[in-house]
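Chains, contacts and geometry: an overview
If you want the building blocks of each chain, they are given just below.
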Amino acid sequence: MRHVIQILGIGLMSISLTYGCDVTNRKDISKPLIAQAQAITKSDYPKNNMVKIALLLDTSNSMDGLINQAKAQLWDIVNEFTRAKCGNSMRPELQIAIYQYGNDGLSAREGYIQQILDFSNDLDEISEKLFSLTTNGGEEFCGQVIQTSLRQLEWDENPDNLKMIFIAGNEPFNQGKLNYQDAITNAKEKGVIVNTIFCGDYEQGIASHWKNGALWAGGEYMSIDHNRHTVHIDTPYDEIIIELNSKLNQTYISYGSLGKAKMKKQYVQDANAYEMEADVAVKRAVSKSSRLYKNEQWDLVDASAQDDFDINQLDAASLPEELKEKNASEIASYIEEKKSERRYIQKEIQELNIKRENYLAEHQKESDEGQLENAMLQAIKKQAADKNYQWE
């Protein structure tokens, strides 16, 4: 098989406490908290079980290996978050943004920096954008790309949410006119943790300020061999999971202006994953069987689970051919049939993946695991613990 905090504004008019993603999981506070006037509560903030990760990737000439690792190991990150809980029960939502920097093909006026993707939970789109990256020599301005992502992205003001930047590259961290310490200070004011990943020797990363950047940010410094090819281990369950993924695709019912294009993107990203490694295709299939793979914008099965879904409001012209002549009752039955099929297939994939992971635990050496994946997951788990996240 083929190888893939602020309002700690202390004032007389308000008070706010950072609890993490679930207050109910904290120890009881025996003494009452007294506010002088109006207390700011969690309801004043956006949703508090959100994880936002911005990937800032160096796409200069020497970074092909980094890009390949990011493509392959996206699904490891997603699958790990399917096991995360906020406190006792809440499950976090995951959004990822992507920037490239250090590429001569980008605008010099913009500092050779480009936003590839705003925060998104569309896993197919995230994959597509990663596969669109190409490398070209350039100037790598770490401070500027951090500052750009802070300015352009909607990080929200909820101190409970886990907000992280991972910046990866291999040139000195202090290049460019914008001081990286100023950019990181701005990140800290927004509650964003900056983690640095040096692509190369650990000591060289220290000498070129990558560790100092992480220390200044309160984040993690890591080094990886971005050109190292990970050895993937075939398991007896891989082919079955890939076959089930094909059946899973057949449970999607495209609709609306996005339908056909989004369904095609789903198939293309399946192919991209398999083209890298069968192992990557398996991990993507596992992600697609999870709660984080949602496509309510173009799939009637996912759309039907939304509170505002009204089958009587569907435009017949936006439906696939097999539903154009059906009435509302028949369409509802068809959707329920596909929903049932999907749940069954997803359950099968999840059960097989448990067996697959047990097999890998017995046969895989730690040195065979993905470097970028390991570096990111270690930092994510450590920093998520401070927000009261737990991992199953």
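Analysis parameters
- Residues numbered from 1 in each chain as written.
- Predicted model: local features only at pLDDT ≥ 70, side-chain atom pairs only at ≥ 80, totals over all residues.
- Heavy atoms only, no water.
- Helix = DSSP H or I, 4+ residues; strand = E, 2+ residues; numbered from the N terminus.
- Areas by Shrake-Rupley, 256 points an atom, 1.4 Å probe, with all protein chains shown as cover.
- Phe/Tyr/Trp six-rings, centres within 6.5 Å; stacked < 30°, edge-to-face > 60°.
- Buried < 20%, exposed > 50% of the residue type's maximum accessible area, 1.4 Å probe, protein only.
- Salt bridge = Lys/Arg side-chain N within 4 Å of Asp/Glu carboxyl O.
- Core = buried A, V, L, I, M, F, W, Y, C linked by side-chain atoms within 4.5 Å.
- Axes fitted to C-alpha atoms, helices over the stretch in contact; angles between N-to-C directions.
- Contact = heavy atoms within 4.5 Å.
- Nonpolar A, V, L, I, M, F, W, Y, C, P; charged D, E, K, R; others polar.
- Pairing = 2+ DSSP bridges.
- pLDDT = per-residue confidence, 0-100.
- Expected span 1.5 Å × (residues − 1).
- Polar contact = N/O pair within 3.5 Å; in protein donor to acceptor, adjacent residues only side chain to side chain.

Right, let's talk about the overall build of the protein for a bit. The number of helices and strands found in the protein is twelve helices and eight strands. Looking at the protein as shown, the accessible area adds up to about 18900 Å², and 47% of this sits on carbon and sulfur atoms.

On to the packing of aromatic side chains, then. Counted by the stated rule, this structure contains nine aromatic pairs. Centre to centre, the rings of Tyr-252 and Trp-298 are 5.6 Å apart; their planes meet at 25 degrees, and the pair counts as stacked. Placement of Tyr-252 in the loop between helix H7 (238–249) and helix H8 (259–276) and of Trp-298 in the loop between helix H9 (278–288) and helix H10 (300–303) is noted, with a sequence separation of 46 residues between them. Here Tyr-252 falls in the buried class, since its relative accessible area comes to 6%. By relative accessible area, which is 2% here, Trp-298 ends up buried. Through a chain of ring-to-ring contacts, the aromatic side chains of Phe-173, Tyr-180, Phe-198 and Trp-210 assemble into a single cluster.

Applying the stated criterion to the full structure yields 21 salt bridges. Ionic pairing is found between Asp-124 and Arg-284, a salt bridge with its closest N-O pair at 2.7 Å. Linking Asp-124 in helix H2 (residues 123–131) with Arg-284 in helix H9, this pair joins segments that are 160 residues apart in sequence. Assessed through its relative accessible area of 2%, Asp-124 is described here as buried. Residue class for Arg-284 comes out buried when judged on its relative accessible area of 1%.

Ranked by size, the top nonpolar core spans 58 residues in total, and within it Leu-57, Phe-81 and Phe-166 carry the most contacts. For this core, the element with the most residues is helix H1 (residues 64–81), which contributes nine residues. Of all hydrophobic cores here, the second largest spans 27 residues; its members include Ile-113, Cys-142, Val-194 and Tyr-221.

Turning our attention to the packing of H8 against H9. For the pair H8 and H9, interaxial distance at closest approach is 5 Å and the crossing angle is 140 degrees. Facing H8, whose interface residues are Gln-266, Gln-269, Asp-270, Ala-273, Tyr-274 and Met-276, H9 presents Ala-278, Val-280, Ala-281, Arg-284 and Lys-288. For the contact of H8 with H9, a count of residues per class yields six nonpolar, two polar and three charged.

On to the sheet that holds strand E6 (residues 193–199), then. Here we have six strands laid out as an open sheet, ordered E4-E3-E1-E5-E6-E7, and mixed in their pairing. At either margin of the open sheet sits one strand with a lone partner, and together these are strand E4 (113–120) and strand E7 (221–224). Going from strand to strand, the sheet's axes swing by 15 degrees on average, the running direction of each strand aside. Those strands touched by H1 are strand E1 (50–58), strand E3 (93–101), strand E5 (162–169), E6 and E7, and its axis lies near 170 degrees from that of E1.

Further remarks concern H9. Buried residues dominate H9, accounting for eleven of its eleven residues. For H9, the elements touching its buried residues are H1, H2, H7, H8 and helix H11 (328–363).

Positionally, Tyr-359 belongs in helix H11. When neighbours within four sequence positions are excluded, Tyr-359 is seen to be in contact with Ile-233, Asp-234, Thr-235, Pro-236 and Tyr-237.

Attention now goes to the confidence of the model for the protein. Across the protein, the average pLDDT comes to 86, with 85% of residues at 70 or higher. Low confidence marks residues 1–19, where pLDDT is under 50. Its contacts with residues over four positions away, or in another chain, come to 54 contacts. Note that residues 23–46 has pLDDT below 50 and, in this model, 38 contacts with residues that lie over four places away or in other chains.

Counting buried residues in E1 gives nine out of nine residues, a clear majority hidden from the surface. The two faces of E1 match: Met-50, Lys-52, Ala-54, Leu-56 and Asp-58 on one face and Val-51, Ile-53, Leu-55 and Leu-57 on the other face are all buried. As judged from the nine bridges shared by E1 and E3, these two strands associate in the parallel manner. Among the inter-strand pairings, Val-51 is bridged to a residue of E3, identified as Leu-94. One ladder, built from seven bridges, connects E1 with E5; its direction is parallel. Residue Leu-56 lies in a different strand from E5, and its bridge partner there is Ile-167.

This next bit is on H11. Here H11 contains 36 residues, and its C-alpha end-to-end distance of 52 Å stays within 8% of the 52 Å for a straight helix at 1.5 Å per residue. Its side-chain oxygen at 3.1 Å from the backbone nitrogen of Ser-329, Asn-327 defines the N-terminal cap of H11.

The next point concerns unusual backbone geometry. A positive phi angle, near 55 degrees, is found at Tyr-112, a position not held by glycine. Position of Tyr-112 relative to the elements: it lies in the loop between E3 and E4. We classify Tyr-112 as buried; its relative accessible area is 19%.

Moving on: the side chain of Asn-295. Examined against the element boundaries, Asn-295 turns out to sit in the loop between H9 and H10. Dropping the residues within four chain positions of it, Asn-295 is found in contact with Asp-124, Tyr-252 and Asp-302.

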